[in-house]
Every structure is written in structure tokens, then in C-alpha cells.
Amino acid sequence: RFFDGFERPPNPSEFANRPLDITYLLDELQQKYQSYPFWKSRIDFNNVGVMGQSFGGYTALAVAGAKLNPDKLTEDCQKSQDRRITLNLSTLLQCRSLEVASQQNNFQDQRIKAVIAINPLTSLIFGEEGMSNIQVPTMIIAGTKDYVTPAVPEQIKPFTWLKTSRKHLILIAPGTHFSFLKESGGRLAVPSQLIGPDPNLAYPYLKAFSLAFFESYLQNQPEYLPYLSQTYVNTIEAQPFNLSLIEGLSQEQVRQAAKR
């Protein structure tokens, strides 16, 4: 629908408004509920987890500390424009963020202590320098058949840019940009070829991994860490999906894999 002209791309201001919405929401909740002893004892506003998909994945990484990179955006978006063609659709969206990135590049909220980013767009808007600023535990989830935010440039390479030691990359094959989205009451309004295998078969994985991740890093429950391992993944994966959970990956390994 975007290429057919039926839908406009998001306004550039969305790159600022979305992370600021997270901060605004936390401010409002904190102000409202801290005066109620029942909620004050149950909500830890200094220990918040955020999970987002696609543009929401960008949002999660931004509030976690990834800084927008106007210099890289300027350079790479000019190259993309000169080539007139790209196989990475997300660059069309990322290049719209330059106006925002030139004015403000840091949307970190110190209350965010762990994030999960599913199919995020990262390569131009953050780049290596921006992603390396994240210090909190981070999980990135990628699909091998994602044609909107392709796995190698948008999730796998950016995973190697993370400096935090508490990081996890989940690669799902043949996952797509829509494998972890559920549409209540019906199917996603996307051609079936782009959706891939039934998301209902992939969604339980997301619930399992997100539970283990947030319990481990937000609730400080180390007994959940074994569930963030390839050993556990091997016990739960089933066709049509194959899962890989990666905790260590170098840029050289990515380059070598890309040559194969």
C-alpha cells in the first residue's frame, strides 16, 4: 500500500514522539500511583522493561540509550539516494529521521533497565556508534525472511555493536517481519507471502523468551537464565520454525557468513 501511494510514511516527528511517549507515560503513571500505597509497593518505576516490534523496536532501543546518528544518516542516505534502489525497505523510513536526529539524538530514559527489540530498524538511524551506547540488557529478535527490516543489516550486525555483556540475539527461520504479530479477530492486512508461516505458531516462543528475559534481568531471578540458551531452544522449537539463540558474535563472523 505504501508503494502504491495509498499510505503515507510516518511523519519524521514520530522518531522523537514515540520514545518521548514512553517517558511521558512513565511520568504520568509514577505521579498518579506513587500516592497509592497499594500500587507504590508493586510498581518499581526505576526498573522498567520495554518490548517493541519494528518501529517499536527502534523506540525500545532509543529509550534504552541508543543515540541517533545524524552524521551517518547524512552520509548513508545520500549514498542510498544516489543509487536510486535499495533492497532494504527500512532505509526509506530511517532516512526520514534526519530532521529529528539533527535536533535531538538522545532519548534515553534512565528508568529503562532491559529491552527487547523485535525486527527493529537500526543500521542508519543509530549505526555502530549509536548502538554502542546501550548499557542495559538487550534482546534482539530477527527473522531470516524479513524483507522490511532485513536481518543482517538491521539486527545481526547491530547486535555485534552492542557493548553490554548481557545481550541475546534470537534468529528465527523462516521468520518474517510479521511472524511475532498477532491480529486479534482476524488476519493481518498483509499479503500471505510476506507473513510467512502462521504467526500463531511463532508467538508462543516470544512469550517464553520475553518471560525468561525480563524475569532474569528485571526481577533478578537467575533461575530463569537457563531458558535463555540454545539448549532450551532445542527443546521447544518445532516446524515450521528453526530457532537460534546467540550470545556472542563478532563482526568478522558476520562478514564471513555473508560471503557464503
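Residues numbered from 1 in each chain as written. Predicted model: local features only at pLDDT ≥ 70, side-chain atom pairs only at ≥ 80, totals over all residues. Heavy atoms only, no water.

Visitor: Please explain the overall build of the chain as it appears in this structure.
Guide: Secondary structure assignment for the chain yields 12 helices and five strands. Over its C-alpha atoms the chain spans a radius of gyration of 18 Å, differing by no more than 12% from the 18 Å that the globule rule assigns to 260 residues. Overall, the chain is about 60 × 45 × 45 Å in size when its C-alpha atoms are taken along their principal axes. Counting every position in the chain, which comprises 260 residues, the buried fraction comes to 43%. In the chain, of all internal contacts separated by at least 6 residues, the share reaching a separation of at least 24 is 77%. (Helix = DSSP H or I, 4+ residues; strand = E, 2+ residues; numbered from the N terminus. Rg over C-alpha atoms; globule rule 2.2 N^0.38 Å. Buried < 20%, exposed > 50% of the residue type's maximum accessible area, 1.4 Å probe, protein only. Contact = heavy atoms within 4.5 Å.)

Visitor: Would you mind showing me how to read the environment of T144 here?
Guide: By secondary structure assignment, the location of T144 is in the loop between β3 (138–143) and α8 (151–161). When its relative accessible area of 36% is taken as the criterion, T144 is described as partly exposed. Sequence separation between T144 and P174 is 30 residues, and the spatial gap between their C-alpha atoms is 5.4 Å. Setting aside chain neighbours within four positions, we find T144 in contact with L171, I172, A173, P174 and G175.

Visitor: Before we go on, may I ask you to explain the sheet that holds strand β1 (residues 48–53) in this structure?
Guide: Adjacent strands of a sheet form backbone hydrogen bonds with each other and so pair up, either parallel or antiparallel. Taken in spatial order, the five strands make up an open sheet running β1-β2-β3-β4-β5, and their pairing is mixed. Only two strands of the sheet have a single partner each, and these edge strands are β1 and β5 (242–246). The average angle at which neighbouring strand axes cross in this sheet is 10°, direction not considered. Here β3 runs beside strand β4 (residues 167–173); their pairing, made up of six bridges, is parallel. Bridged to A142 within β4 is L171. The strands that α8 touches are β3, β4 and β5; relative to β4, the one it contacts most, it runs at about 155°. In this fold helix α10 (residues 199–217) packs onto β1, β2 (112–118), β3, β4 and β5, with an angle of close to 160° to the strand it touches most, β2. (Pairing = 2+ DSSP bridges. Axes fitted to C-alpha atoms, helices over the stretch in contact; angles between N-to-C directions.)

Visitor: When you look at the state of the cysteines in this model, what are you seeing that I'm missing?
Guide: By definition, a disulfide links two cysteine residues through a covalent bond between their sulfur atoms. Here the structure, examined in full by the defined rule, presents one disulfide. Each disulfide pairs two cysteine sulfurs, and for C77 the partner residue is C95, the sulfurs being separated by 2.0 Å. Across the disulfide from C77 to C95, rotation about the S-S bond amounts to roughly -100°, and the bridge is consequently left-handed. Linking C77 in helix α4 (residues 70–83) with C95 in the loop between α5 (90–94) and α6 (98–103), this pair joins segments that are 18 residues apart in sequence. (Disulfide = S-S within 2.5 Å.)

Visitor: What's the story with unusual backbone geometry in this structure? I'm lost.
Guide: Negative phi characterises most residues that are not glycine, and trans characterises most peptide bonds. Cis geometry is adopted by the peptide bond preceding P174, which originates at A173 and carries an omega value of -5°. Along the chain, P174 falls in the loop between β4 and α9 (192–195). Within the chain, N119 stands out as a residue other than glycine whose phi angle is a positive 50°. Its location among the elements puts N119 in the loop between β2 and α7 (127–131).

Visitor: Teacher, can you tell me more about the pattern of salt bridges here?
Guide: Following the criterion strictly, the structure yields four salt bridges and no others. Here D27 makes a salt bridge to R111, at a shortest N to O gap of 2.9 Å. Linking D27 in helix α1 (residues 14–33) with R111 in the loop between α6 and β2, this pair joins segments that are 84 residues apart in sequence. Looking at D27, the relative accessible area reads 36%, which means it is partly exposed. Judged by relative accessible area, which is 9%, R111 ranks as buried. (Salt bridge = Lys/Arg side-chain N within 4 Å of Asp/Glu carboxyl O.)

Visitor: What am I meant to see in the side chain of T138 here?
Guide: Its place among the elements puts T138 in strand β3. Under the relative-accessibility criterion, T138 is labelled buried at 0%. Side-chain polar atoms of T138 contact the backbone oxygen of V136, separated by 3.0 Å. (Polar contact = N/O pair within 3.5 Å; in protein donor to acceptor, adjacent residues only side chain to side chain.)

Visitor: Could you clarify how one ought to interpret the pairing of β2 in this entry?
Guide: Side chains on a regular strand alternate between the two faces of the sheet. Counted residue by residue, β2 has six buried out of seven residues, so it is predominantly covered. Where β1 and β2 come together, six bridges link them in parallel fashion. Opposite M51, over in β2, you have I116 as the bridge partner. In this structure, β2 lies alongside β3, joined through four bridges in parallel fashion.

Visitor: Would you take a moment to explain the nonpolar core for this structure?
Guide: It is characteristic of soluble globular proteins that their nonpolar side chains tend to be buried jointly. Among the nonpolar cores identified, the biggest contains 40 residues, and F15, Y58, L61, L68, F126, M131 and I134 are the most heavily contacted of them. Of all the secondary-structure elements, those providing two or more residues to this core are α1, β1, α3 (55–64), α4, α6, β2, β3 and α8. No other element matches α3, which puts seven residues into this core. When residues no more than four places from it in sequence are discounted, the contact partners of M131 are L61, A66, T122, F126, I140, P158, W161 and L162. Listed in part, the 22 residues of the second largest apolar core include I170, A212, L218 and L243. (Core = buried A, V, L, I, M, F, W, Y, C linked by side-chain atoms within 4.5 Å.)

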